[in-house]
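This is what each chain is made of:
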Amino acid sequence: MLWGVRILDISLVFRKILLSCARWSTNKWTNFEKNNLVYTLLRKMEVEEGNNLAIKRSCPDDDEERTEPEQYKKTKLSEPGISSDRSGIGKQTEGIESGLEALPSRVDENNGKEVGEEIDNVAEDEEGDGDSFADMMKHGLVEQDVGITKFVSIHQGFAGILKERYSDFVVHEINKDGKVVVLDDLSVPANDEEPSEDIFSVLSAQDKQRLEDLQLFKNKEDSVVIEVVEDTKEKRTVIHQAVKSLFPGLETKTEEREGKKYIVAYHVAGKTALANPRKHSWPKSRGSYCHFVLYKENKDTMDAINVLSKFLRVKPNIFSYMGTKDKRAITVQEIAVVKITAQRLSHLNKCLMNFKLGNFSYKKYPLKLGELQGNHFTVVLRNITGSNEQVEQAMTSLRDIGFINYYGMQRFGTTAVPTYQVGKAILHNKWSEVMDLILKPRPGERGYMVKCREEWAKTKDPEAALKKLPVKRCVEGQLLRGLAKYGMKNIVSAFGMIPRNNRLMYIHSYQSYVWNKLVSKRIEEYGLKVVSGDLVLKGVTAVPIEESEVEKHSIHDIVMPLPGFDVLYPKHKIGKAYEEMMAADGLDINNMRHKIRDYSLSGAYRKIIIRPQNVTWGILVYDDNKIPLVHTDVEKLEGTSLPESSKGGKFQALKMDFSLPPSTYATMAIREVLKMDTSIKNQTQLNTVWLR
């Protein structure tokens, strides 16, 4: 017994030492990196699978220009677009529901503290056990709360665990040409290879000093002249390359003087070249955008962009992409970046863990949000209880009929305050209610947000509540900052401090809630039959189906509107149901314009049934729930094989592959297969039971 006490004491002392180390010196990124490693070690003592760190080791220096670290720290994250990949649980509203924005070493504009300091404080306050999250989920939403109630298949459902490991959920983007994006080449384009080290020996130390002074405008000369000894075309080419590689922003030309050849270096764009040497040293024949494939594990797209920009020391808004991807997944997507070489990007493969960059090419255009044709999913559902016959029936139905195109649970938030309630209050112009819904205490919530919410409930003092909030870039922090700036009598302006896309997500959540409720009513009323009064798209316009046209259409053609001032409603019972539901919520379906233009809803159309493409499946047998069951792009590149399946294993898993169009939730396809609730509340309970 005494030994047991001593071991426990040693463990506690060790944990205190680690926490002390974690709090020590977070002002610099290197210390922030160490801090995260220590914190990760602590988390692994408490939970089985912690968050994966992006940082592997310090990146080797390269010769290309970087912005000053101080300048980078002041960089603001560009507003993320509305996601076109609706693939996983808890994605969209992580930012809305008290989420951390993970931009390493970014300085908070108000108090100058680095994120490293904030995370340290959060680590001290938060409880690391998985039970705290499970407790909070007891008060979360389930599918029935948001209108997800119907199925289209007739097979008997069975149980299975979704995303027990993030590697059980793999997403490959489908680009605008219809090609599945894969990472299968880490090489740099041949014409982008950096010059070999020996070319720099052609410049003397004196030449290098003169060129550096010229580059930094430290001398009165407007050019530097280098005599070419042993003149040949090859020798001149090497000198041109050396000057441009070592001193970005300088241009060179060859001149002949008194029968001798000279290389003349000069600023191509005067002093403006110093501000952005990449712009002036970029080859004119090369496309301005380097496109590459980004493979990432357990990071959402915006977090990944922040990490890349951190290591490249550039602003995040020079990156473009076609859609945002899930955090708790392995995802592969195309990214474009302005005037960063493939060579420089490939260096990141040596520095970053759980990232891989490859398939580099140069193009003349960026990527645009929404350009993708969809996503291909590889999903493993572990510990399934269904028989082979049940699985066969379920997957055949998914392939041939499809699933109801519900908005998934991540659209509505993960806590006891659904985002659609906030959206409804915005549409009502009830700004005090909007403020209260976002800031009031929430049952089951733990960690750093609790003290902030309690302070707000007690004092209604935004500055006092902000002091209790270590991470101020969450929605609550942005709103409190707005209230401190504009006062309690100008909540509209205070709410405007929240990024526009996050604000709009609240009202989009309400639209989605209405759509889910009424599509369930449509399925209940008419099943999978096409009926007169249903809507189909002709171009971008919806038209009602006449009785004579019913036989020409299938259920896969039918759309239903998200409520707004510029949509048509079905010409049967469901059209009336829209009006009644909105009226019950105190809203006029014929007047969806808002006093504030941003919050006016024009509406949109959405297909009610989606049939996945490229559907395949198989049953895997295993003993160890920790072994990977999906062969990733990186494993294929490295020649790593998957562990052999155990023929007599205790557990079965269903591995399924399918492709979906943009703005479609893979979790809703999985729901149709399992016929079980995919809410985080339910999945948390399943995982808790399974892990015990």
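Structural data are supplied above this passage.
Reading the values: rules and limits
- Residues numbered from 1 in each chain as written.
- Predicted model: local features only at pLDDT ≥ 70, side-chain atom pairs only at ≥ 80, totals over all residues.
- Heavy atoms only, no water.
- Helix = DSSP H or I, 4+ residues; strand = E, 2+ residues; numbered from the N terminus.
- Buried < 20%, exposed > 50% of the residue type's maximum accessible area, 1.4 Å probe, protein only.
- Areas by Shrake-Rupley, 256 points an atom, 1.4 Å probe, with all protein chains shown as cover.
- Salt bridge = Lys/Arg side-chain N within 4 Å of Asp/Glu carboxyl O.
- Contact = heavy atoms within 4.5 Å.
- Phe/Tyr/Trp six-rings, centres within 6.5 Å; stacked < 30°, edge-to-face > 60°.
- Lys NZ or Arg CZ within 6 Å of the ring centre and 35° of its normal.
- Pairing = 2+ DSSP bridges.
- Axes fitted to C-alpha atoms, helices over the stretch in contact; angles between N-to-C directions.
- Polar contact = N/O pair within 3.5 Å; in protein donor to acceptor, adjacent residues only side chain to side chain.
- Expected span 1.5 Å × (residues − 1).
- Arc of directions from axis to C-beta.

Q: Where do I start with the overall build of the protein chain in this structure?
A: Along the backbone of the protein chain there are 23 helices and 18 strands. Sorting the 692 residues of the protein chain into buried and exposed places 53% on the buried side. On the protein chain, roughly 31900 Å² of surface is accessible, and the fraction owed to carbon and sulfur atoms is 49%.

Q: Looking at this model, I keep getting lost on the pattern of salt bridges. Mind explaining?
A: Any two side chains of opposite charge can pair, on the condition that their charged atoms come close. This structure, assessed with the given rule, holds 19 salt bridges. For E371, the salt bridge goes to K176, with nearest N and O atoms at 3.8 Å. Highlighted residues: E371 in the loop between β9 (355-363) and β10 (374-382) and K176 in the loop between β2 (169-174) and α6 (205-215), separated in sequence by 195 residues. A relative accessible area of 36% means that K176 is categorised as partly exposed.

Q: Just checking my understanding: could you explain the environment of I523 for this structure?
A: Locating I523 in the fold gives a position in helix α19 (residues 500-526). Residue I523 is classed as buried on the basis of its relative accessible area of 9%. For the pair I523 and V152, spaced 371 residues apart in sequence, the C-alpha separation works out to 8.3 Å. Not counting chain neighbours up to four residues away, the residues in contact with I523 comprise K150, I404, L528 and I609.

Q: Any chance you could explain the packing of aromatic side chains here in plain terms?
A: What characterises a pair of aromatic rings is the spacing of the ring centres plus the angle enclosed by the ring planes. Taken as a whole and assessed by the stated rule, the structure comprises 14 aromatic pairs. Measuring from centroid to centroid gives 6.4 Å for Y510 and Y513, while their planes differ by 35 degrees, and the two rings are tilted. Taken together, the residues Y510 and Y513, both in helix α19 and three residues apart, mark about one turn of the helix. Taken individually, Y510 and Y513 each receive the classification buried, so the pair is uniform in this respect. An aromatic cluster of three or more residues is present, and its members are F412, Y420, Y510 and Y513. Sitting over the ring of Y362, R286 keeps its end group 4.5 Å from the ring centre. If you follow R382 out to its NZ or CZ, it ends over the ring of Y622, 5.3 Å from the centre.

Q: Any chance you could explain the sheet that holds strand β15 (residues 604-607) here in plain terms?
A: In any sheet, the strands associate via hydrogen bonds between backbone groups, in a parallel or an antiparallel arrangement. Taking strand neighbours across the sheet as the criterion, the four strands line up as β13-β12-β14-β15 in an open arrangement whose pairing is antiparallel. Edge positions in the open sheet fall to β13 (541-544) and β15, since each of these has one partner strand only. Across the sheet, the mean angle separating the axes of adjacent strands is 55 degrees when strand polarity is ignored. Direction of pairing for strand β12 (residues 535-538) relative to strand β14 (residues 558-562): antiparallel, over a ladder of two bridges. Pairing of L535 across the sheet is with V559, part of β14. Running at roughly 145 degrees to β14, α19 makes contact with β14 and β15 of the sheet.

Q: Just checking my understanding: could you explain the side chain of H376 for this structure?
A: With respect to the helices and strands, H376 occurs in strand β10. You can call H376 buried: its relative accessible area is 14%. For H376, the side chain forms a polar contact with the main-chain oxygen of F658, separated by 3.4 Å. In this structure, H376 is in contact with V170, V171, H172, I174, V180, N614, D657, F658 and S659, ignoring residues within four places of it in sequence.

Q: Got a minute to help me understand the sheet that holds strand β4 (residues 250-257) in this structure?
A: One open sheet holds the three strands; their spatial order is β3-β5-β4, and the pairing between them is antiparallel. Taken across any chain shown, the strands that pair with only one partner, and hence form the sheet edges, are β3 (223-227) and β4. The sheet shows a mean angle of 25 degrees between the axes of neighbouring strands, direction not considered. Sheet analysis places β3 next to strand β5 (residues 260-267), joined by five bridges and oriented antiparallel.

Q: I tried to follow helix α12 (residues 388-400) on my own but got confused; where do I start?
A: Residue pairs three or four apart in sequence face the same way in an α-helix, which turns once every 3.6 residues. An ideal rise of 1.5 Å per residue puts 18 Å on 13 residues; α12 measures up with 18 Å between its terminal C-alpha atoms. All buried positions along α12 are accounted for by Q390, V391, A394, M395, S397 and L398. For α12, the angular spread of buried residues about the axis comes to 155 degrees, placing them on one side.

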